[in-house]
Each structure stands twice: as C-alpha cells, then as structure tokens.
Amino acid sequence: PTVPSSMATDANGPVADAVPDVAPAAPPLPKYASGPDMGLGMGRAMLAMQLFEKGKTMYAQCEADPNPEEAYERTHRLMADECLKLAQSHGGIYNKAAQFVASLQGGAGDKGIPKAYIEALKVVTDKAPFKKFSDMDECFREEFGGKSAKEVFASIEETPIAAASLAQVHRAVTKDGRHVAVKMQYPWLKHHLASDFAVFTMFGQQIKPGGFDLSWLVRDFQVSLTAELDFEGEAANAERCAKDLAHRPDVLVPNVIKEFSSKRVMTTEYVPDMTRVDDREGLIKAGYDPKRVGAALASVFSEMVFVHGHVHGDPHAGNVYVRPRKPLPRAKS
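Overview of the structure. Since the model is a prediction, treat every value here as computed from it, not as a measurement. (Residues numbered from 1 in each chain as written. Predicted model: local features only at pLDDT ≥ 70, side-chain atom pairs only at ≥ 80, totals over all residues. Heavy atoms only, no water.)

On to the overall build of the protein chain. The helix and strand inventory of the protein chain stands at 11 helices and seven strands. Looking at the 333 residues of the protein chain, the share that counts as buried comes to 40%. Carbon and sulfur atoms make up 57% of the accessible area of the protein chain, which amounts to about 19,300 Å² in all. (Helix = DSSP H or I, 4+ residues; strand = E, 2+ residues; numbered from the N terminus. Buried < 20%, exposed > 50% of the residue type's maximum accessible area, 1.4 Å probe, protein only. Areas by Shrake-Rupley, 256 points an atom, 1.4 Å probe, with all protein chains shown as cover.)

For helix α5 (residues 133–143), a buried count of eight out of 11 residues is recorded, marking the element as mostly surrounded by other parts of the structure. Taken together, the buried positions of α5 are F133, D135, M136, D137, E138, C139, F140 and E142. Its buried side turned inward, α5 meets α6 (149–152), β1 (155–156), β3 (167–173), β4 (179–185) and β5 (265–269). Looking one or two residues beyond α5, the residue adopting positive phi is G145, at roughly 65 degrees. (Contact = heavy atoms within 4.5 Å.)

This paragraph deals with the packing of aromatic side chains. To describe a pair of aromatic rings, one takes the distance between the centres and the angle between the planes. Going through the model one piece at a time under the given rule, you end up with seven aromatic pairs. On the basis of an interplanar angle of 90 degrees and a centroid distance of 6.3 Å, the ring pair of F197 and F200 is categorised as edge-to-face. Note that F197 and F200 are positioned in helix α7 (residues 189–206) at a spacing of three residues, about one turn of the helix. Through successive ring pairs, a cluster of aromatic residues spans F140, F144, F153 and F260. Here the guanidinium or amino end of R171 rests over the ring plane of Y270, the centre of that ring lying 4.0 Å away. Of note, K183 hangs over the ring of F231, and the distance from its end group to the ring centre comes to 4.7 Å. (Phe/Tyr/Trp six-rings, centres within 6.5 Å; stacked < 30°, edge-to-face > 60°. Lys NZ or Arg CZ within 6 Å of the ring centre and 35° of its normal.)

In terms of nonpolar packing, the biggest core is built from 40 residues, with F140, F153, I156, V182, M184, L193 and V265 touching the most fellow members. If sequence neighbours within four positions are ignored, F153 has contacts with F140, A172, V173, T174, K175, V180, V182, F260 and T267. Ranked by size, the runner-up nonpolar core spans 13 residues in total, among them F231, A235, V256 and M266. (Core = buried A, V, L, I, M, F, W, Y, C linked by side-chain atoms within 4.5 Å.)

A few words now on the packing of helix α2 (residues 68–90) against helix α3 (residues 92–102). Following both chains from N to C, one finds α2 and α3 inclined at 140 degrees, their axes separated by 7 Å at the closest point. Comparing the axis directions of α2 and α3 gives the class oblique. The two elements α2 and α3 meet at a crossing, and its hand is left-handed. Two secondary-structure elements touch here, α2 through L86, A87 and H90 and α3 through G92, Y94, N95 and A98. Class assignment for the residues of the contact of α2 with α3 results in four nonpolar, three polar and no charged. (Axes fitted to C-alpha atoms, helices over the stretch in contact; angles between N-to-C directions. Parallel < 35°, antiparallel > 145°, perpendicular 65-115°, else oblique. Left-handed = near helix turned anticlockwise from the far one by under 90°. Nonpolar A, V, L, I, M, F, W, Y, C, P; charged D, E, K, R; others polar.)

With that settled, the discussion passes to helix α1 (residues 38–62). Residues that lie three or four places apart on an α-helix share one face, since the helix turns once every 3.6 residues. If you check α1, its first and last C-alpha atoms are 36 Å apart, about what 25 residues at 1.5 Å a residue would give, namely 36 Å. Of all the residues in α1, the buried ones are G41, R44, A45, L51, G55 and C62. A side-chain oxygen of the first residue of α1 lies 3.0 Å from the backbone nitrogen of G39; this N-cap is D37. (Expected span 1.5 Å × (residues − 1). Polar contact = N/O pair within 3.5 Å; in protein donor to acceptor, adjacent residues only side chain to side chain.)

Quick look at the pattern of salt bridges now. Per the stated rule, a full pass over the model turns up 21 salt bridges. Here K96 ties to E228 by a salt bridge, and the two come within 2.9 Å at their closest N and O atoms. Here the residue K96 occupies a position in helix α3, and E228 occupies one in helix α8 (residues 215–228), the gap between them amounting to 132 residues. A relative accessible area of 10% means that K96 is categorised as buried. Classification of E228 as partly exposed rests on a relative accessible area of 27%. As a salt-bridge pair, R178 and E259 come within 2.8 Å of each other at their nearest N and O atoms. Here E259 lies in the loop between α9 (231–244) and β5 and R178 lies in the loop between β3 and β4, a separation of 81 residues in the sequence. We classify R178 as partly exposed; its relative accessible area is 30%. Salt bridges here are not isolated pairs; linked through shared partners, they connect K96, E228 and D314. (Salt bridge = Lys/Arg side-chain N within 4 Å of Asp/Glu carboxyl O.)

None of the figures reported here should be taken as evidence of function without further support.
Below is the structure:
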C-alpha cells in the first residue's frame, strides 16, 4: 500500500555589480478569495437539497410500484448517477462525501449503502473531472514565487494521472532526471470550502433534529478537512509512516521530494505499475492473489494501530495500491 518540493533550478551565479533593468516580479496574488461567500455556498447547498428532495420522492414511489424491487434498483442507479454528477460539478466537500460513500463496500454491504452508489461514486477517488493544467499551474505559481511548473521541471505532463476531491496529480521529470508525481491543490478550493462550511454551520445552528445540536459535527468535519489542505502535514505523515514501516518489504511509501513541495503542492517519487486495491479483476490479471493482498493490508493497518499509534486516516482505493514487490537482495555466500 502507498500513501499518496526546494526549487532545484539551474543558476549561473551572481554577477558582480549587476543591477537589474526592472524589479523582479512579485509573486502573483491569489485569484480566488479565501473567505466565505454565502451566496456561493447557499447556491451549491440548494442544488444538493433539490437532489435530496428528488430522491426522497422517487424512493417513496417505489413501494407503490407493482415490482418494488426492480423499482428500487432503477432508482438506486438513477440517483447514484445524479449524486455523481453533483459531486463532480461541486467538488470539494461534496466530492469528499462521495469518496466516503464509495468506501463503504465492506461490512454491512448493500444493507448499508446500495451497490449502485458504491459503483458509481468510486470514480471520484482518483478519476474526478480533470481540470485544465493552466488552472492548476496558478496554484503552483502562487506557491513558488510566480514560477510555472513548466519552468521548474524539465518536463511536466499537462494531462493528470489522477484527480480527486482536493487536488490532481501530474507526472513530471526534474532537471536532474528524477521521475516524480506532482500533486497540486485546486486553486479555488479554500474559497469553496469556506463558503460551504459557512452555510453548513448556519444550518447546523438552526436545524436541530429531535432537539439535538449537530453544529459540533460540522465543526469537527471542518477541522478535519482543513487539516487535509496542509500538504506539509501530509508530507510529514508520509515520512513518519515510511519510517515506521521501513522494516516491511511489502510496503512502499513514496519518498517526498521536499524541494518541490509546499503547503499546497506535494511532490513524491513516481511509482509505476500500480493496481487499485479494490480492482479484483485487475489484481488477478496482474498476477496477484486478492486474499494475500487483503491479508497484507490487514497486517499493515493492524501494525499501524497497535504498534505505532499512527494510522493512515484516508485509506480509500484512490490512496492504496498494489505493485510488484522488488526482490530482496541475496545474502552474501
């Protein structure tokens, strides 16, 4: 399983007594505000409420259908597709909620979440709608003094290799030849999250089902999700996890490339030939035994819980992959 940088640039050295013709350009100002916009948050929430009411009405009609089981299945598929479209268009917290639902395929199974929702929403774990590279490069410029990722790296692919709720990942090559994965946060994310949480907080204070105050739940979710926006914290967690599990040949945590990482950009070594841990057919095709993969995952997470007390907190299938294990070095005879 894997847990999904100082600028290494060419320099010719200072020139004595050189005076620039113009002052160096200041880093670009953020294009998107970081504070909440109640209008934006309310508009996004109203679309979600409309979908909720639509689903509520459709499910109520299923009982009156001559064949309720088929009616429920049709409604599951239709509403799952609608939920996917909402998550993809809204992104952020809505995409995060969709990821959570897509991860609930164990335990209660269909009794908890109908399979149609799990199958439809699992795409948002790593195949959310791709954003234009020029949009993502805005984030990179803001983090690295106005320099484009195309200036910093020898090459970077404009088409991302993965995209999820908070960021998308582009493959790149550093100027010293290292192949890396560059995760860049959506530049509008903070603004959208602040707007969404402002509305949810207002709802939480005013709507108290059964007399219960649920505003604490909104606050806790906001604290948790805000912490995920700090990629420096994620990088530190990845390094600690790598150290904790360094003795295990069945675990790889990609190395963080610090000189190309910041609070909103995280660069790691690129790891090829990975298969999603929930892709049973893909695992078998690649020559893996799904039962052995499951046993390895159980062992790794048990060690994190019971030995280290430091646990991967977001182990959906877009964050945990399987790859060929490198052969152990032979002992000297």
